[in-house]
Structures are given as structure tokens and as C-alpha cells.
Amino acid sequence: MMKSDNNKKGLMVCATILAAQLFVFVPAGLYFTNLDEMNIALLALCRLCLVPALLLLLILILVGHVLAPKIRSYLTASLAMFGILVWLQSNVFLWDYGLLDGRLIDWSKDVWRGWVDMAAWLVLLGTAVALSRKYEKRMVQSAVAVFVLQLLTVSVQSLQHYDHIRYEDYKSDRALENLYRFSTERNVLHLIVDGFQSDVFNDLIHIPDLGRAYRQAFSGFTYYPETLTVFPYTRFSVPAFLAGQLYDNQMPQDDYVDKVLAGKNIINLARDKGYAIDLGAGTKYLEKRYSHLKHDNLYNLSKLNTQLEEVAKIMDLVLFRAAPHFLKPYIYNGQKWRLTSIFAGPKGMQYNYFKHTYFLQSFIRNMATNRGTPTYKYLHVMNTHNPMVVNSACGYAGEVYPMTRKTLTIQTKCTLDTIVLLFERMREIGVYDNTLILIHGDHGGWTGNHRQGATIKFADGTEAPEWVASLASPMLAIKLPSQAGDLQISDKMVSLADVPDTISDIMGWGYPFGFQSIMRIEETALRERVFRFYSWRKNEWREKYAPPMQEFLITGSHYEVPWELGDIFLPPVD
């Protein structure tokens, strides 16, 4: 009887450890290493994970209770080893699958990973069953040791990030309501469309009939197809186009961004000039960075998810991390994710394109002119960013498409259609004419553009992929207050770093940011502009410094002239 009781206790211990691994330790580890992407507090995550954890625990205990002692030993040993294997898979067998943002994964590559995982799982589970009668106690002790290790790790992480445990980060209805409200007199609408590639927009506005309609909808705008960004990705592009500041890899990345956003930039200047600042951030990371700007309202557009949807997203990542290689395609589910596709509400709402289109549609419906204070609205949406999930009817494609010029053009067209509706609504309520409007990408897209010049080469002589030129080429269009007439096209050699000087000049604020106002650049001037390229790494958001950054010097059309090599900006030697 005593042995049977011990047998049951061992089963309960191992069942508890397995439930804790799947619903506490692995989720917490993912949470703490991806804080900038989390839209739910850890306590809320744990509360919602408690139900499936208790259900799993109850099922395992009930099953073990009715089994004969010999069979129960097999189950106990298997659960002990299963808990250890979950820890090993989640912390040791961490294969690199690239960015898990909905992009395609080629499962035919690196099949050896699956054989390594399968061998480890089969051998260890088989050994546990075969030796269960003799070494059951030691297996339970090993599982307990792994449990204690995980508990200590999570405890340390919890102390380091205590605020993230306690803070229930619910969306602010008041901030969202104020985001809809324009001034009756003076407004600035600054719309960042992440990954908006310039020549894709150029193609669309030159399609017969459709292009004519777009050019009329963009009345009063001037489009600058020769615009260059300074950096290929969002993190450093933002300080460049808000403050004219160029990162040189001598400060930790986020410390630099936060310092620039807390200092003198065009948003903070607008606040000093009496403008109410309304910020809409497309991701949790952007919300954290933009919180350093002076602002009246800050709303995270990705908060449109319910807490259940956030938990589903995290548990998909947990299962992906804890499962052996051959099971991961089932969890990834053709880029749709298994649990997220069930709990994400309307089809496609797990993707930023649909979440941010939903926000823009809500913005259009609720827009009003009931604010006495002049407003500066800064919205950063991800509609043209990876992944490509839109069909030609602007509905959910049912899958993630590869990034090609065709798929990017379709998703860009659908984004433009929403922006046209936004302009129409602004005209209806009488704020379009008196508003300074800027629309631009932070960088271009990942598909080749219309560059006709010589092949771009790095300092070591290797040829740059064609998307390097594309990432350098964001769309930029500006409408001055009271400007009318069809969309105009200017071939000025401009840089996104010119944006803060341009806004300051147009608004008459008189503060220089170190570059040039686009309004004062000669149409035929051959300016030297810079583009600092660096490669994206797997854990880029968590890296302290950027990788080596190759500067290119471009004098003339970036589609035609050679890109000359400039400096290489290396991180400090530790």
C-alpha cells in the first residue's frame, strides 16, 4: 500500500511539473525575452493559463489513479522525462527559423534538425519507460531538479521586471477617443506606413483610370519618388525622420532611440508650440519607444486583440518552442498559427494589416472636429509591412503569400484605398484643407525596385541583394495647408532626415534640425545623401548594439547612379 501511495505521489509531482513547464515556465521565459512585443500583463497571462493547466493536471491524475501500479510507474517515468524534454527542447534545441512574423518557412531545409529532435525524444522516452520500475524515483528527482532550476530562473526574471507583472496594461478608451478628434483650425496628420515602397506607389498612380482616381484623391499633395531613408529598418529610421539624428553605433540601440525621442524632435517641438500630441503606435515596441515623446494621448493599435487572443498567440509560440522539429509545421499552420487562427476572431485579425485597417476604418467613422487646441496626430501603422496576407479583393487571402512585387502591390493598393477613404472623410468634416499631411514609409519594402544603375556592392566586394535598394526607398508625399489640385510629382533629391526641418519650415516654427527643408531644395540640385545598411539578426530587438553598418553615399538619382562606399560604423569593443 505504501509503495502504491508513493507511486501516486510521484505521478502527481510529475504531472504538476509538466503543467508548470507548459503553462508557466516556458510562457514566462518567452514573455520576459519579448517584453516589447507583449500586450498583456504577466499576471493576466498566468490567470488565463491556469484553466488549461489545471485541466491537464486533473486529466493526468485521474488517468493515473485508475491504472495498475505497474502501468502507473510507466506513466510517471514518461511524464518525468516529458517535462525534462520540454525543458531541453525549449532551452537547448533552439533551432533558428528566422523571424516568426508570418513569413514562409522552408521546412524542406535542415531536415536533420527533425532527426536530432526525434532521436532525443524517442531515446529518452524509451529509456524512461524501460527503466521505470528500477529508476522511477531518480527520474522524478531529475524532473524536480529541472523544475527548481526553472523556478529560480523565472523568479530572478520576475524580480528584474516586477513592473511588467503588476501592470495591467488595458487599452485607454480616452486616448482612443481623443485620437479621433481634430481641431477646427490647425492640424498636422503625420502618417507612417511601415515598409511603404516608393516605386510601388508610383506604379499604382500611373495605372490608367485607377491612377487618375488616386491622383485626384491625393489633391494638394506632392510626391517625392527620389526619397531615400537613412536606415533599412524602423528602429533608427524613426530618430532620423523625427529629429534628423543619425545613429553611429556608439550607444546601446534603445538607449539612443529613447534619448532622441525624449530630446529635441519635431513632435516635442510641436508640443512646445501648443499642439496637442496624439500618438498611435502600431506595435508594443513602438509604444514603449514613443512613450518618451511629449504627448497627450498614446494608443497601442495592436491592443485591438482581446486577452484571450494574446494568450493564444503566446501559447502558439510556447508549443512551437517546446515541440520537436517535425511537429512545428503543424503548430505554425501555414503561417496562420494553430491556436491563434482559432481564437483570433474575424479571419485574418491575427495580422497587423487587418488590425490596423480596422483601426483606420474606426478612425474614419469616428473622426470629429470638436477640439479647440491645434492637434498633431502621429500614426504609425503596419499595413504594407510583412506578412503579405491580402487577396485582390482586399480580403484575407487565407494564407501568407511570399513577399513578391505582385503581393506587395496588392497589399499597397488595399492600403491606399483605405487612405483615400480617410481623405474623403477629412473633406466631409472640413479639416482636409487646413491640415498639413505627411505620408511616408520608414523604409521601403523587401522586393526589388526599379533601380537601373550599377550593381550595389559592399566593402568586401560582394553584391548586395536587390532588396537593399528597395529598403532604402520609402514613399513620401506632403500636402501643405490650403494646397489644392491633383497630385504633383517632384524629382527633388530628398531624404527622410529632411522631414523635421521641412515641418518646422512649413509651420513657421523656426527650429533647425541640421538637414534641409524640402520646400527650399532646388528641383535640379544634385545632393549627396547617405544610406546606412546593416543586416537584421535573429534577436535584433534584444541586441545591445547594431551590427557593422555600411554607409553608402548617393549623389543623384538612387535608381541610377552608383552607390559609393562610405564609412563603416562598428559597435564599441567590449
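Worth saying up front: this structure is predicted, and the values here are computed from it rather than measured. (Residues numbered from 1 in each chain as written. Predicted model: local features only at pLDDT ≥ 70, side-chain atom pairs only at ≥ 80, totals over all residues. Heavy atoms only, no water.)

Draft legend 1. Highlighting the sheet that holds strand S13 (residues 528–533). With antiparallel pairing, 3 strands are arranged side by side in an open sheet as S13-S14-S15. At either end of the open sheet lies a strand with only one pairing partner, and these are S13 and strand S15 (564–569). Looking at each pair of strands side by side, their axes are set apart by 25° on average, direction ignored. Here S13 runs beside strand S14 (residues 549–555); their pairing, made up of 6 bridges, is antiparallel. When the sheet's bridge partners are listed, Glu 528 is paired in S14 with Thr 555. (Pairing = 2+ DSSP bridges. Helix = DSSP H or I, 4+ residues; strand = E, 2+ residues; numbered from the N terminus. Axes fitted to C-alpha atoms, helices over the stretch in contact; angles between N-to-C directions.)

Draft legend 2. Layout of a nonpolar patch on the surface. A contiguous nonpolar patch, built from Val 111, Trp 115, Met 118, Leu 122 and Phe 326 and spanning about 480 Å² of accessible area, is present on the exposed surface. Following the sequence through the fold, Val 111 ends up in the loop between helix H3 (69–91) and helix H4 (112–130). Classification of Val 111 by relative accessible area gives partly exposed; the value is 32%. (Patch = residues over 30% accessible without salt bridge, like charges linked within 9 Å, V, L, I, M, F, W, Y side chains within 5 Å. Areas by Shrake-Rupley, 256 points an atom, 1.4 Å probe, with all protein chains shown as cover. Salt bridge = Lys/Arg side-chain N within 4 Å of Asp/Glu carboxyl O. Buried < 20%, exposed > 50% of the residue type's maximum accessible area, 1.4 Å probe, protein only.)

Draft legend 3. Fine view of the nonpolar core. Formed by 66 residues in total, the largest nonpolar core has its most connected members in Tyr 290, Tyr 376 and Tyr 378. Looking at this core element by element, the count peaks at 6 residues for helix H10 (residues 234–243). Residue contacts for Tyr 378: discarding those within four places in its chain leaves His 190, Ile 192, Val 238, Phe 241, Leu 242, Ile 267, Asp 278, Leu 279, Gly 280 and Tyr 290. If you look at the next biggest cluster of nonpolar residues, it comprises 45 residues, including Phe 25, Trp 121, Met 139 and Val 140. (Core = buried A, V, L, I, M, F, W, Y, C linked by side-chain atoms within 4.5 Å. Contact = heavy atoms within 4.5 Å.)

Draft legend 4. Main features of the side chain of Gln 150. Tracing the chain through its elements places Gln 150 in helix H5 (residues 132–160). Apart from residues no more than four positions distant in its own chain, Gln 150 is found in contact with Gln 21, Phe 25, Trp 87 and Asn 91.

Draft legend 5. Broad picture of the state of the cysteines. A complete count under the given rule lists 1 disulfide for this structure. Each disulfide pairs two cysteine sulfurs, and for Cys 394 the partner residue is Cys 414, the sulfurs being separated by 2.1 Å. An S-S torsion of about -90° defines the bridge between Cys 394 and Cys 414 as left-handed. Highlighted residues: Cys 394 in the loop between strand S8 (388–390) and strand S9 (396–401) and Cys 414 in helix H18 (residues 405–428), separated in sequence by 20 residues. Free cysteine Cys 46: the closest other cysteine sulfur is in Cys 49, separated by 6.6 Å. On the accessibility criterion, Cys 46 (31% relative accessible area) is partly exposed. (Disulfide = S-S within 2.5 Å.)

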